[in-house]
Amino acid sequence: SQKIEQNSEALNIQEGKTATLTCNYTNYSPAYLQWYRQDPGRGPVFLLLIRENEKEKRKERLKVTFDTTLKQSLFHITASQPADSATYLCALGGYNNNDMRFGAGTRLTVKP
Amino acid sequence: EPEVTQTPSHQVTQMGQEVILRCVPISNHLYFYWYRQILGQKVEFLVSFYNNEISEKSEIFDDQFSVERPDGSNFTLKIRSTKLEDSAMYFCASTEGGPENSPLHFGNGTRLTVT
């Protein structure tokens, strides 16, 4: 069956460091991958989208990579700040269907 | 910035009762979704809706669930006979195009508690 795994439930880092979050998938050939941020009691908020033919996308302090050979996406936050503390979700979907599926998320805590 | 709005924010119901969760998607969006998140668990896909019909549904979306876009602005999720295990946060989302090109815009959810 299809699986989307985010490497750890929780990640703690020091302010100013780079946070790296991992999303692995099996039995899946996604056409695209999206990353979202979720704060407690709130809906997910979109951060970045990357398609299968793209290796890397950047937006301000955020960078995402997509390796279809390794079946993995890495999500980086550089110069992390305490305000970056949240749960980060990856989500995958295929062409011509509208059922994007989410991983369980990684809870990031950035300590001052 | 336009938002997806959901009402109510919290709904408490007794087992076996019907509930309707309401959503107002962003006005120029064409694709609509319901997801749910049981406390402490992942966001799970329920159903997507386009062109006035269901385009995909998950194994969770059984005969107890239905969706409707009754008037061109609202998008509703009905649970016919609620069970204890239906207790969760239900999120509505909308996109301008398909999700391969467009991010999902989520509302802040309705917390459903079934007692």
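What you see is a predicted model; the values in this text were computed from it and never measured. (Residues numbered from 1 in each chain as written. Chains lettered and ligands numbered in written order. Predicted model: local features only at pLDDT ≥ 70, side-chain atom pairs only at ≥ 80, totals over all residues. Heavy atoms only, no water.)

Undergrad: Just checking my understanding: could you explain the interface of chain A and chain B for this structure?
TA: Note on interface size: it is often stated as the accessible area lost on association of the parts. Listed by partner, the interface residues are 21 residues for chain A and 24 residues for chain B. Buried area between chain A and chain B, both sides added, is near 1800 Å², and the carbon and sulfur share of it is 53%. Between the two partners, chain A and chain B, sit zero salt bridges. Between the two partners, chain A and chain B, sit eleven residue pairs in polar contact (both at pLDDT 80 or more). Taken together, the elements giving at least two residues each to the side of chain A that touches chain B come down to strand S4 (32-38), strand S5 (45-51) and strand S10 (101-102) of chain A. The element contributing the most residues to the side of chain A that touches chain B is S4 of chain A, with four residues. Residues belonging to the side of chain A that touches chain B are distributed by class as follows: nine nonpolar, eight polar and four charged. (Contact = heavy atoms within 4.5 Å. Buried area = accessible area lost by both parts, 1.4 Å probe. Salt bridge = Lys/Arg side-chain N within 4 Å of Asp/Glu carboxyl O. Polar contact = N/O pair within 3.5 Å; in protein donor to acceptor, adjacent residues only side chain to side chain. Helix = DSSP H or I, 4+ residues; strand = E, 2+ residues; numbered from the N terminus. Nonpolar A, V, L, I, M, F, W, Y, C, P; charged D, E, K, R; others polar.)

Undergrad: I would appreciate a short explanation of the pattern of salt bridges in the present structure.
TA: Opposite charge on two side chains permits pairing when their charged atoms draw close. Going through the model one piece at a time under the given rule, you end up with six salt bridges over all chains. The closest approach of N and O atoms between Lys-57 of chain A and Glu-54 of chain A, which form a salt bridge, is 3.5 Å. Judged by its relative accessible area of 26%, Lys-57 of chain A is partly exposed. A salt bridge links Glu-44 of chain B to Arg-36 of chain B, with the nearest nitrogen and oxygen atoms 3.0 Å apart. (Buried < 20%, exposed > 50% of the residue type's maximum accessible area, 1.4 Å probe, protein only.)

Undergrad: Can you walk me through the sheet that holds strand S8 (residues 72-77) of chain A in this structure?
TA: The strands making up a sheet associate through backbone hydrogen bonding, with each pair oriented either parallel or antiparallel. All names here are of chain A. Pairing within the open sheet is antiparallel, and its five strands lie in the order S1-S3-S8-S7-S6. The open sheet has two free edges, formed respectively by strand S1 (3-6) and strand S6 (56-59), since each of these has just one partner strand. Adjacent strand axes in the sheet meet at a mean angle of 15 degrees when their direction is disregarded. Note that S1 and strand S3 (residues 19-26) share four bridges and pair antiparallel. The residue bridging Glu-5 from the neighbouring strand is Asn-24, located in S3. (Pairing = 2+ DSSP bridges. Axes fitted to C-alpha atoms, helices over the stretch in contact; angles between N-to-C directions.)

Undergrad: Looking at this structure, how should I read the nonpolar core?
TA: Nonpolar side chains in soluble globular proteins generally cluster together in the buried interior. Core analysis: the biggest nonpolar cluster contains 23 residues, and Trp-35, Phe-75, Tyr-88 and Leu-92 of chain A have the highest contact counts within it. Among the elements of the structure, S3, S4, S5, strand S7 (62-67), S8, strand S9 (86-93) and strand S11 (106-111) of chain A are those that each provide at least two residues to this core. Apart from residues lying up to four places away in sequence, Phe-75 of chain A is in contact with Ala-19, Thr-20, Leu-21, Trp-35, Leu-47, Leu-48, Leu-62, Lys-63, Val-64 and Tyr-88 of chain A. The next biggest cluster of nonpolar side chains, apart from the first, holds 22 residues, and it includes Leu-46, Phe-61, Phe-75 and Leu-112 of chain B. (Core = buried A, V, L, I, M, F, W, Y, C linked by side-chain atoms within 4.5 Å.)

Undergrad: It is not clear to me how the state of the cysteines should be interpreted in this structure. Could you clarify?
TA: Note on terminology: a disulfide is the covalent bond linking the sulfur atoms of two cysteines. Inspection of every chain in the model, using the stated rule, returns two disulfides over all chains. The residue that forms a disulfide with Cys-23 of chain A is Cys-90 of chain A, at a sulfur-sulfur distance of 2.0 Å. On the sign convention where negative is left-handed, the bridge of Cys-23 of chain A and Cys-90 of chain A, at about 65 degrees about the S-S bond, is right-handed. Placement of the pair is Cys-23 of chain A in strand S3 and Cys-90 of chain A in strand S9, with a sequence separation of 67 residues. Of the two residues, Cys-23 of chain A and Cys-90 of chain A, both sit in the buried class. One disulfide in the model links Cys-23 of chain B with Cys-92 of chain B; its S-S distance is 1.9 Å. One disulfide, between Cys-23 of chain B and Cys-92 of chain B, carries an S-S torsion of -65 degrees and so falls in the left-handed class. In this pair, Cys-23 of chain B sits in strand S3 (residues 19-24) while Cys-92 of chain B sits in strand S9 (residues 88-95), placing the two residues 69 residues apart along the sequence. (Disulfide = S-S within 2.5 Å.)

No statement about biological role is implied by the geometric values presented.
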